[in-house]
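# Structural features, examined
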Amino acid sequence: MNQSIPRNKIFLPRYTKCQFRRYVVSFCMGLFCWPLLEATTVEGDHLVLDDKHVYLFGDHHIHTPLFGGDYRKTGIFPVVEQQVDDFVDALEETASLRSEPLHVLWEKASYYSRSATIHKDMMDNVDVEVAKRNLDVIFEDTEIRKVGISARHILGDEMPINYLEDGWRSVCYYEEAPPLSELTFTHMIDAYKACKSALSEFREAEVDDSLGMFDAELMFASSAYERFKQLLDENSISPDTNLSEFAVGCLKSCSKLHNELAEHSVEMFGRLYSAYFCQRIFQYKGKHVAIIAGSGHLKAVRNMLWHQGAKTKVHYRNASVGQDHKSLRPLTKAQLLAILKGVSFWYTFSAFKENMILCWYIALTILTDTCLQMDRG
């Protein structure tokens, strides 16, 4: 599950014929069919718990066609690339402040997204950009939802594709997950139970009361799973049903059942993922650890750390989760530096400004009262 990226060398992948075919198909689908996942970091924190520094970088994921007119109008393409450069620069400039390698828990993009992306991106290839500078940073692939995300791609599609047809059978969203043509509800159920079981085993071994947010995420995941199972039972859907055939059948019958199941799937796997981040942060024994992931997942981590007594040194929030990408304001290099340093000039200046305004307000109030008393006298 956990993978480290070599810091000294960059290896070019060697593909088998089957893998190369998948790569070509994925690239073409990214250009002309499927939307790409763009990630721009809009939220950040630096929290300190005892001697542990936790850096949170929350992304707003943008799904948009590469050659769509709306994509070009947003201007997000150069912004995404610039932020990667700024982030790597900030890591390099603050390296002397860390006494050990920075360990990054990373929501690594899918095999499909990485193979189709032709530019720098925080989710796709920031590890490669960091490796080019030979920085003391270790990236850990934390994605535990490979089956869930693959299934969501099929069930959540408004115009589902029949992956059982020739030419589509080998399409794979993640190399570690079954091809989309083979996925069934059983795969989803088994993947959910495996993740839930592993997380539950960790919780049973810990008696720390500060893991309340971890418990809450597991509870929400369980509720979503029960709704998911209820829909299957109410509609007499066998767990062995092929997802692609089912989704195409829903389209033909003008049913939205596949989309409803996708919504519950997103919730149950997403909640497990947030709990997993809480677990990894709690378990990490080093002094410098960061998370690069969707903003929604970081809420649980932030609340858990606060419950443990962590202090917030810096916090930036340039956009709300779910906000339209046209109004996004990505974190600037100055903000990225402030998060990694744990010191924000703007916050210090803001506090000074607020204190000055308060002092002037008090002085003005006293002066006004004095003048009124003199008039009365």
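Structural data are supplied above this passage.
All of the points below concern the structure found in this document. Each chain carries its own residue numbering, running from 1 in the direction its sequence is written. The predicted origin of the model limits local features to residues at a pLDDT of at least 70 and limits the giving and counting of side-chain atom pairs to 80 or more, whereas totals for whole chains, interfaces and linings rest on all residues. As a rule here, side-chain values cover all heavy atoms of the structure and leave hydrogens and water aside.

### Observations concerning the overall build of the protein chain
This is how the line gets drawn: A run of DSSP states H or I qualifies as a helix once it reaches four residues; a run of E qualifies as a strand once it reaches two. Both are numbered from the N-terminal end. The buried label goes to any residue with under 20% of its type's maximum accessible area, the exposed label to any with over 50%, and the partly exposed label to all in between, with areas taken from a 1.4 Å probe on protein chains only. Here a residue-residue contact requires only that any non-hydrogen atoms of the pair lie within 4.5 Å. The protein chains shown are the only cover counted for residues, whose accessible areas, like all others here, come from Shrake-Rupley with a 1.4 Å probe.
When helices and strands are tallied, the protein chain shows 13 helices and 6 strands. Within the protein chain, the fraction of its 377 residues that count as buried is 50%. In the protein chain, of all internal contacts separated by at least 6 residues, the share reaching a separation of at least 24 is 80%. Total accessible area on the protein chain stands at roughly 18,700 Å², and carbon and sulfur atoms take up 56% of it.

### Looking at the packing of helix H7 (residues 185-205) against helix H10 (residues 257-283)
As a reminder, the rule being used: Here an angle of 0 to 180 degrees is reported between the N-to-C directions of two axes, which are lines fitted to C-alpha atoms, with helices fitted over the stretch in contact. Roughly parallel refers to an angle under 35 degrees, roughly antiparallel to one over 145, roughly perpendicular to one between 65 and 115, and oblique to any angle outside these ranges. In this scheme the handedness of a crossing depends on how the near helix is turned from the far one: anticlockwise by less than a right angle means left-handed, clockwise means right-handed. Charged residues are taken to be Asp, Glu, Lys and Arg, nonpolar residues to be Ala, Val, Leu, Ile, Met, Phe, Trp, Tyr, Cys and Pro, and polar residues to be all remaining types, Gly included.
Axis separation between H7 and H10 bottoms out at 10 Å; the angle between their running directions is 25°. Taken together, the axes of H7 and H10 are roughly parallel relative to one another. Taken as a pair, H7 and H10 cross one another with a handedness that is left-handed. On H10, the residues touching Phe-185, Met-188, Ala-191, Tyr-192, Cys-195, Lys-196, Leu-199 and Phe-202 of H7 are Leu-261, Ser-265, Met-268, Phe-269, Leu-272, Ala-275, Tyr-276, Gln-279, Phe-282 and Gln-283. Grouping the constituent residues of the contact of H7 with H10 by class yields 14 nonpolar, 3 polar and 1 charged.

### Brief notes about the packing of aromatic side chains
Let me state the cut-off plainly: Pairing of aromatic rings covers Phe, Tyr and Trp, the last through its six-membered ring, and needs centres within 6.5 Å; plane angles under 30 degrees mean stacked, over 60 mean edge-to-face, and all others mean tilted.
Inspection of every chain in the model, using the stated rule, returns 11 aromatic pairs. Residues Tyr-273 and Phe-277 carry aromatic rings whose centres are separated by 4.6 Å and whose planes lie at 50° to one another, so their mutual orientation is tilted. Of this pair, Tyr-273 and Phe-277 both sit in helix H10, separated by 4 residues, roughly a single helical turn. Note on accessibility: Tyr-273 and Phe-277 belong to one class, buried. Three or more aromatic residues link up through ring pairs in this structure, and these residues are Phe-185, Phe-228 and Phe-246.

### Quick word on unusual backbone geometry
In this model, Asp-50 sits at a positive phi of 55°, which is unusual for a non-glycine residue. Counting through the fold element by element, Asp-50 comes out in the loop between strand E1 (36-49) and strand E2 (52-64). Positive phi values are uncommon outside glycine, yet Asn-134 reaches one of about 60°. Take Asn-134: its relative accessible area is 47%, and that puts it in the partly exposed class.

### Some remarks on H10
Filter applied, for reference: One less than the number of residues in a helix, times 1.5 Å, gives the span that helix is expected to have.
Taking 1.5 Å per residue as the helical rise, H10 with its 27 residues ought to reach 39 Å, and the 39 Å between its terminal C-alpha atoms agrees with that figure. Of all 27 residues in H10, 21 are buried, a share of seventy percent or more.

### Considering helix H8 (residues 212-234)
A rise of 1.5 Å per residue sets the reference length of H8, with its 23 residues, at 33 Å; its end C-alpha atoms lie 33 Å apart and thus fit the reference within 8%. Along H8, the residues that are buried comprise Phe-214, Ala-216, Glu-217, Leu-218, Ala-221, Ala-224, Tyr-225, Phe-228, Leu-231 and Leu-232. Buried-residue contacts for H8 involve H7, H10 and helix H11 (295-307). Following H8 by one or two positions, Ser-236 has its phi on the positive side, about 50°.

### Digging into the environment of Thr-41
Checked against the element boundaries, Thr-41 lands in strand E1. With a relative accessible area of 1%, Thr-41 lands in the buried category. Between the C-alpha atom of Thr-41 and that of Phe-57, which follows or precedes it by 16 residues, the distance is 6.3 Å.

### Some remarks on the nonpolar core
Operational definition: Here, the term nonpolar core denotes a set of buried Ala, Val, Leu, Ile, Met, Phe, Trp, Tyr and Cys residues that are joined through side-chain atoms within 4.5 Å.
Ranked by internal contacts, the top residues of the largest apolar core, which has 66 residues, are Phe-185, Leu-261, Ile-281, Ile-291 and Leu-305. The greatest single-element share of this core, amounting to 13 residues, is contributed by H10. Core analysis: the next-biggest nonpolar cluster, separate from the first, contains 28 residues, Met-122, Val-126, Leu-135 and Leu-336 among them.

### Details of the side chain of Glu-107
Put simply, the rule is: Identification of polar contacts relies on pairs of N or O atoms within 3.5 Å, with a donor-acceptor requirement for protein atoms, meaning one able to donate a hydrogen and the other able to accept it, and with residues adjacent in sequence counted only if both atoms are side-chain atoms.
Along the chain, Glu-107 falls in the loop between strand E3 (102-106) and helix H4 (111-116). Reaching out from Glu-107, the side chain makes a polar contact with the side chain of Arg-145 at a distance of 3.0 Å.

### Remarks on the packing of helix H6 (residues 146-155) against H7
Closest axis-to-axis distance for the H6/H7 pair is 9 Å, and the angle between their directions is 145°. Considering only the axes of H6 and H7, their crossing is left-handed. Only Phe-185, His-187, Met-188 and Ala-191 of H7 make contact with H6, whose side of the interface consists of Val-147, Ala-151 and Leu-155. Class assignment of the residues belonging to the contact of H6 with H7 gives a composition of 6 nonpolar, 1 polar and no charged.

### Focus on the side chain of Lys-146
Tracing the backbone shows Lys-146 in helix H6. Taking relative accessible area as the criterion, Lys-146 reaches 13% and is therefore assigned buried. Separated by 2.9 Å, the side chain of Lys-146 and the backbone oxygen of Glu-143 make a polar contact. Sequence-distant contacts of Lys-146, that is, excluding residues within four places in its chain, are made with Asp-141, Tyr-174, Glu-176 and Ala-177.

### Concerning the pattern of salt bridges
As a reminder of what qualifies: Salt bridges are defined as contacts in which a side-chain nitrogen from Lys or Arg sits within 4 Å of a carboxyl oxygen from Asp or Glu.
On inspection of all chains with the given rule, the structure shows 17 salt bridges. Ionic pairing is found between Arg-133 and Glu-92, a salt bridge with its closest N-O pair at 2.6 Å. On the criterion of sequence distance, the pair formed by Arg-133 in the loop between helix H5 (126-132) and strand E4 (137-141) and Glu-92 in helix H3 (residues 76-93) is long-range, its members being 41 residues apart. Taking relative accessible area as the criterion, Arg-133 reaches 33% and is therefore assigned partly exposed.

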